[in-house]
Amino acid sequence: MFFFDSLVRVRAGTREDRGGNTVPDWSQGAVHRLPVDQLNIQPASQVEGVDDTRTTATTGWRVQSEEGTRPDITAADRLEWRGRTYEVDGEVAEWPDPLNGAVHHIEFTMVRATG
């Protein structure tokens, strides 16, 4: 595979809500951005939903990091790629190296819903 793709990981900051709880803060000044490269990003799925009020489209992309890399991406992050914002769908899978048990690479799906 070729690992020439890159994206920006967007991680929420935190704030305190009215009840005193710590909650994610996605406001522009609170988020932390980190460029991530050495990725392979491929189409994974497209689903269209239609109901009485709207049509939605959900597009998924499969993301794999290059061998020997473990980018700091979690299920709670958002991702910016090609001018659009995506969410991590499910957990980020860490694939072990069969020879030494260290992380060989990671894989996950990112999705974007419109409509």
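Located above this text is the structure these notes cover.
Residues numbered from 1 in each chain as written. Predicted model: local features only at pLDDT ≥ 70, side-chain atom pairs only at ≥ 80, totals over all residues. Heavy atoms only, no water.

Visitor: Could you give me a rundown of the environment of G83, with the residues and numbers involved?
Guide: For G83, the location among the structural elements is in the loop between β6 (78–81) and β7 (84–96). Overall, the relative accessible area of 84% leaves G83 in the exposed class. In the structure, G83 is positioned 76 residues away from L7 in sequence and 9.7 Å away in space, judged by C-alpha atoms. (Helix = DSSP H or I, 4+ residues; strand = E, 2+ residues; numbered from the N terminus. Buried < 20%, exposed > 50% of the residue type's maximum accessible area, 1.4 Å probe, protein only.)

Visitor: I'd like to hear about the environment of G68, residue by residue, with values.
Guide: On the secondary structure map, G68 appears in the loop between β5 (55–65) and β6. Assessed through its relative accessible area of 63%, G68 is described here as exposed. Taking C-alpha positions, G68 is 8.6 Å from D97, a pair spaced 29 residues apart along the chain.

Visitor: Lay out the side chain of R9 with the relevant residues and their values.
Guide: Looking at where R9 falls in the secondary structure, it is placed in strand β1 (residues 5–11). The class for R9 is buried, based on a relative accessible area of 6%. At 3.1 Å, the side chain of R9 forms a polar contact with the backbone oxygen of D72. Discounting chain neighbours no more than four positions away, the residues touching R9 are H32, R33, L34, V36, D72, I73, D77, R78 and L79. (Polar contact = N/O pair within 3.5 Å; in protein donor to acceptor, adjacent residues only side chain to side chain. Contact = heavy atoms within 4.5 Å.)

Visitor: An account of the pairing of strand β2 (residues 13–16) is needed here, citing residue identities and associated values.
Guide: Where β2 and strand β3 (residues 22–25) come together, four bridges link them in antiparallel fashion. By the bridge assignment for β3, R15 is matched with V23. Hairpin remark: β2 followed by β3, antiparallel, with five residues in the connecting loop; positive phi at G20, about 85°. (Pairing = 2+ DSSP bridges.)

Visitor: I'd like a description of the nonpolar core, backed by residues and values.
Guide: The biggest cluster of nonpolar side chains holds 15 residues, and the ones touching the most others in it are L7, I41, I73, L79, W81, F108 and M110. Where this core is concerned, the elements lending two or more residues are β4 (32–50), β5, β6, β7 and β8 (103–114). Excluding its chain neighbours within four sequence positions, the residues that come into contact with L7 are L34, P35, V36, L39, I41, I73, L79, E80, W81 and M110. (Core = buried A, V, L, I, M, F, W, Y, C linked by side-chain atoms within 4.5 Å.)

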